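Commentary on secondary and tertiary structure
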Amino acid sequence: MLNRQQHANSTAGKNLVGFSVAGTDYALDIQSVQEIIQPLPLSKLPDAHRSVLGLSDHRGDIIPVLDLRVRFGINAPPALRSKWIVASSSAGRVGFVVDSVTEVFAADGDARGAVPALASSELDRGISYACRRDGRLVFVLDVARVAAPVFGGEGSSAGTREAP
C-alpha cells in the first residue's frame, strides 16, 4: 500500500480524473473532484430536471446527483455497476453517475484541442476541451456547465424539460 508521500509522488503532474459513460471517455479537472464513491441512497426531488436522480446525504451534506447518461441524451441501457464522482464548482457540490472511473492522468497543452460548437447552448454538454490520450479523444467537462440543470445557468431552464 502506498503511503501519503508515495501517492503524492505517483500523481504529481496529473491533472485529470478519467471516467467512462456509455463507451465514451470523459474527464474532470482533478481540483474539482472531491471523492469517488459507491452509489448512496437517493431521495427523489419533485419537479427536477429529468437528469437529476435525486438528492443524497454525503458526509452530512445534501448533494444533487445527476445521471450523465440522461444529461447527455444517451439511450443506452445503464451499466450494471456504476460509480459516483462527487465534484465541486463555484455553484456547489454535485454527484455524477458514471459507468466507471478509469485513471488519473496528465493532459499537457500539446494534447489539448478545442471542440467545435456543434449545437446551441441548449444542447451544451459542458465540454471545455478535448485531449488526446492513448490514441483516443477524452472530453474534459466543466462541472458547473454539466450541472446547469441543478444550479441554473447555461443549458438549464425551470421544470422538467427534455435533457439535451
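Everything that follows concerns the structure shown earlier in this document.
Residues numbered from 1 in each chain as written. Predicted model: local features only at pLDDT ≥ 70, side-chain atom pairs only at ≥ 80, totals over all residues. Heavy atoms only, no water.

1. Here we look at the overall build of the protein
The helix and strand inventory of the protein stands at four helices and 11 strands. The buried share of the protein, reckoned over its 164 residues, is 37%. Of the roughly 9,000 Å² of accessible surface on the protein, 52% is carried by carbon and sulfur atoms. (Helix = DSSP H or I, 4+ residues; strand = E, 2+ residues; numbered from the N terminus. Buried < 20%, exposed > 50% of the residue type's maximum accessible area, 1.4 Å probe, protein only. Areas by Shrake-Rupley, 256 points an atom, 1.4 Å probe, with all protein chains shown as cover.)

2. Focus: the environment of G92
Mapping G92 onto the fold places it in strand 7 (residues 92-98). In this structure the C-alpha to C-alpha distance between G92 and I63, which are 29 residues apart in sequence, comes to 8.6 Å. Dropping the residues within four chain positions of it, G92 is found in contact with A87 and F151. (Contact = heavy atoms within 4.5 Å.)

3. Things to note about the pattern of salt bridges
Taken as a whole, this structure holds seven salt bridges when the rule is applied. One salt bridge connects E35 with R59, and the closest N-O pair in it is separated by 2.4 Å. Taken together, the residues span a long stretch of sequence, with E35 in strand 3 (residues 33-37) and R59 in the loop between strand 4 (52-58) and strand 5 (61-67) at a distance of 24 residues. Where E103 meets R136, a salt bridge forms, and the shortest distance between an N and an O atom there is 3.2 Å. Separated by 33 residues along the polypeptide, E103 in strand 8 (residues 100-105) and R136 in strand 11 (residues 136-141) bring together distant segments of the chain. Among the ionic contacts, a cluster of salt bridges with common partners joins D25, E103, R133, D134 and R136. (Salt bridge = Lys/Arg side-chain N within 4 Å of Asp/Glu carboxyl O.)

4. Details of the pairing of strand 1 (residues 16-21)
Along strand 1, six of the six residues are buried, which leaves the element largely enclosed by surrounding structure. Side chains L16, G18 and S20 project from strand 1 onto one buried face, and the interleaved V17, F19 and V21 project onto a second face that is buried too. The pairing of strand 1 with strand 2 (residues 24-29) spans six bridges and is antiparallel. Considered in strand 2, the bridge of V21 is made with T24. In sequence, strand 1 turns back onto strand 2 through a hairpin of two residues, with A22 there showing a positive phi of about 50°. Note that strand 1 and strand 8 share five bridges and pair antiparallel. (Pairing = 2+ DSSP bridges.)

5. So, the nonpolar core
In this structure, F19, L28, L68, F96, V98 and L141 are the most contacted members of the largest nonpolar core, which totals 21 residues. Elements represented by at least two residues in this core include exactly strand 1, strand 2, strand 6 (83-89), strand 7 and helix 3 (143-146). (Core = buried A, V, L, I, M, F, W, Y, C linked by side-chain atoms within 4.5 Å.)

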